[in-house]
Amino acid sequence: MEALLPFINNLQDVLVKSGLPVALDFPQIAVVGAQSVGKSSVLESIVGRDFLPRGTGIVTRRPLVLQLQNTPGTREWGQFGHLGNQQFENFDLIRQEIEKDTDRVCGKNKGVNMQAITLKIFSPHVIDLTLIDLPGLTKVPVGDQPADIESQIRNLVMRYIQRKNCLILAVTAANTDLANSDALRIARDVDPQGERTIGVITKIDIMDEGTDALEMLEGKMYPLKHGYIGVVCRSQKDIQAKRTIRQAVDKEMDFLSKHPAYRTIYPRCGTKYLATTLNRVLVNHIRETLPEFKSKIVKLLTSAEQELQGYGDPIGKSNQGASLLHLFSTFARNFADAIDGKLTGDVSSDGLTGGARIHYIFHDIFGAEVKQFDACRGLTDNEIRQAIRNATGPRASLFVPEAAFEIIVKKQIAQLEEPALRCVDQVNEELQRVIMQSELPEMQRFVNMREKVFEVVRSILKNCLGPTNQMIANLIQIELAYINTNHPDFIGGSRAIAEARDHPPVPTGQIPPPPQPPVVPNRATSPPAENEGGGGAMNMSALLNGFSIFGKKAEGVVDVPRRHAVSDPNDGVEFTARQGMMSMPAVIMPNPVPTERERCEMKIIKSLIYSYFNIVKKNIMDAVPKTIMYFMVNTAKENLHRELVKHLYREEMYPVLLQEHDDIGVRRKRCHEMIQVLRKALEMLNSLRDQSDQFCPSGRVT
């Protein structure tokens, strides 16, 4: 484990250069601080060379990923990630390239950009370390800076430091109140316990006379897990005097060792100690995060291999037919399994799928709607009275006419066709959804085949839709063709009369109770009724207490004269000039107030309608799902593979069907490259695992 940090840096370089969208949270240190607190001076002191742009306002406008690598010998040079292997031994040229590339990406309006600059510095005077220099925090836009410069910079900084694997180097000037430190404030937002924050106190040599930063450095004001380190920045006078950074580092140690407040802690201060501490903390942090880092690489590798498997290998001309047959068979099997509940490869947590949704349509939507369908929906008492009167013709009725019952009940039965056809449409839509669920990964690869397969399946469903709808219509017509009043569950005329006798009609003027469904007595225990459930006229020989539904008056009962309501603007009272007789109105309606006899007749008819309609509802609720399953669902399952082969398995269509999407080849190549990179990274991590306990930092600051 001789080069843990270089390994992480090389791995990051490989991923960046590959241009692959690999999201790995690399262990790193981000340098955070307000403008002019000495961030750049600290970084240059660690490197030992002048190479960062200087000036007023925002100088660092892009993240600078600074990778330091200790090398043997005396040669020092730098390399930019965007320039390949081009080497810069002149550090003034490095500064110029940073300024040039910053202006190229950000423009010259002092705006910031999240695209990072990667700079590697190789030197015998550095320690293996990776730092990210971020733009300095600011509050007020100055000059031509954008008005929202504060939020731009904050968002950029937060993008880095909110990652759990990122250590935060919070830089604060000694002549600033620590409670007002911008660096510590933003670090506290993402690291409230201070567990991954390292404090740096700069400019401890220019504090007011009689003051020092000892309490800050000892962490008494705001403690951090890794503590604080004090450094002395190179002054403008030193820069003008051409004093080198190494000379400034020697001067820094001389100041710390002789200062009365710092000489007791000076071994834990200064640039050299800062670099060594950062190396130690970063290496330990990498060690701690290696298992999680490795786990993330394994997950990415598994995902990439699955993606590559989905793209498949280019199909040779000799294998095109066999490949198509295999795809057709797999798709047809997936379609059938999704309906039968056997497609368990992708168990969805979003709810019911496939055949379970069809079951829901049958019983929870269609079944519930039919159950709640009222037998007298849309039927008024006047319509029942009109049907009874019309069914008697010119004769006075002796019995409740069966024709009136049939006319009314057929009208109500016909209303069940609409929910039944709606059920067919819902199942058809659900089968369209099952098509999408059955899609194979290869179908994303072969776009033409995907469209053709879907076209064939939709054609099958469309061809099934017509016969299914016709059969549903036939079911309703079957029910309308013969009203079976001999059905064992039908209440029959005698029981309807008995029910009317037990619950006599409410006199005119009173509010009738809500209609109750008819009670069907047990035929095994009830005595036989005369002409029970018989066809023809309903025998009314059984007298109701006090009245009869025969045309003759029962004893003690006074007939109420029948009157007819005349639909005429002048109340229908018109007499001819010669005879003085009332003229015949165009429309004749029953009297608005029904007679007692009519109320009794309506009650009997309603009882019969409720009883027979319940029988029909049970028939329809049972027959409609069976019809849909036979004519649509099962037919589609059984014919799918045969129809795919019939329409698409043609040699002249092979090249068209197996033509890959334009970018599949590019994505396959890119995915293959990603797998190679991730496998290499995994091998390197495995080789490091066995040596982690023997690792010691390479290189020294001299």
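Preceding this section is the structure that the text describes.
In this convention, every chain numbers its residues from 1, walking through the sequence in written order. Where local features are concerned, this predicted model is filtered to residues with pLDDT of at least 70; where side-chain atom pairs are given and counted, the filter is 80 or more; whole-chain, interface and lining totals use all residues. The side-chain figures draw on all heavy atoms in the structure; neither hydrogens nor water molecules are used.

## Overview of the packing of aromatic side chains
Paired rings are identified among Phe, Tyr and Trp, the last through its six-membered ring, by centres lying within 6.5 Å, and are further divided according to the angle between planes into stacked (under 30 degrees), edge-to-face (over 60) and tilted (the rest). Evaluated as defined, the whole model comprises 10 aromatic pairs. Note on phenylalanine 255 and tyrosine 262: the rings are 6.3 Å apart at their centroids and 55 degrees apart in plane angle, and the pair reads as tilted. Considering the side-chain rings of phenylalanine 405 and tyrosine 612, the 6.3 Å spacing of their centres and the 85 degrees angle between planes classify their relative orientation as edge-to-face. With phenylalanine 405 in helix α13 (residues 402-414) and tyrosine 612 in helix α18 (residues 596-648), this pair connects stretches of sequence that are 207 residues apart. Tyrosine 612 carries the same exposure label as phenylalanine 405, and that label is buried. A connected cluster of aromatic rings, assembled from ring pairs, spans Phe405, Phe490 and Tyr612. Numbering of helices and strands runs from the N terminus; a helix is a DSSP stretch of H or I covering at least four residues, while a strand is a stretch of E covering at least two. Between buried and exposed lies partly exposed: a residue is buried under 20% and exposed over 50% of the maximum accessible area for its type, with that area taken using a 1.4 Å probe on protein chains only.

## Quick word on the packing of helix α10 (residues 320-340) against α18
Note on method: axes are straight lines fitted to C-alpha atoms, helices fitted across the in-contact stretch only, with angles between N-to-C directions ranging 0 to 180 degrees. Viewed as axis vectors pointing N to C, α10 and α18 meet at an angle of 170 degrees, and their least axial separation amounts to 10 Å. Relative to α18, the element α10 is oriented roughly antiparallel. Of α18, the residues touching α10 (which contributes Leu325, Phe328, Ser329, Phe331, Ala332, Phe335, Ala336, Ile339 and Asp340) are Val633, Ala636, Lys637, Leu640, His641, Leu644, Val645 and Leu648. Its residues assigned to classes, the contact of α10 with α18 comprises 13 nonpolar, two polar and two charged. Should an angle fall under 35 degrees it is called roughly parallel, over 145 degrees roughly antiparallel, and 65 to 115 degrees roughly perpendicular, with every other angle called oblique. Here a residue-residue contact requires only that any non-hydrogen atoms of the pair lie within 4.5 Å. All residues other than Ala, Val, Leu, Ile, Met, Phe, Trp, Tyr, Cys, Pro, Asp, Glu, Lys and Arg, Gly among them, are scored as polar; the first ten of these are nonpolar and the last four charged.

## What to know about the sheet that holds strand β3 (residues 77-80)
Strand order in this open sheet of nine strands is β4-β3-β5-β2-β6-β1-β7-β8-β9, and the pairing throughout is mixed. Single-partner strands in this sheet number two, and they are β4 (87-88) and β9 (228-230). By the bridge criterion, five bridges tie strand β2 (residues 64-70) to strand β6 (residues 129-133) in an arrangement that is antiparallel. Counted as the bridge partner of leucine 64 is aspartate 133 from β6. Against the sheet, helix α4 (residues 149-161) touches β1 (28-33), β6 and β7 (166-173), its axis set at about 150 degrees to β1. Here, strands pair whenever DSSP counts at least two bridges between them.

## What to know about empty space enclosed by the protein
The method works on a 1 Å grid over the protein atoms by themselves. A cavity is a set of points holding a 1.4 Å probe that cannot get out, a pocket is an open set with protein on both sides within 12 Å along at least five of seven lines, and residues with an atom within 4 Å of a point line them. Grid points are joined across faces, edges and corners, and a volume is the space filled by probe spheres set on the points. Going through the model one piece at a time under the given rule, you end up with three cavities of 30 Å³ or more. Considering only enclosed or pocket space, the second largest cavity measures out at about 40 Å³ in volume. Every residue lining the second largest cavity is listed: Ser41, Glu44, Ser45, Asp50, Arg54, Cys233, Arg234 and Ile245. Looking at which element gives the most residues to the lining of the second largest cavity, the answer is helix α2 (residues 39-47), with three residues. Taken together, the residues that form the lining of the second largest cavity break down as two nonpolar, two polar and four charged.

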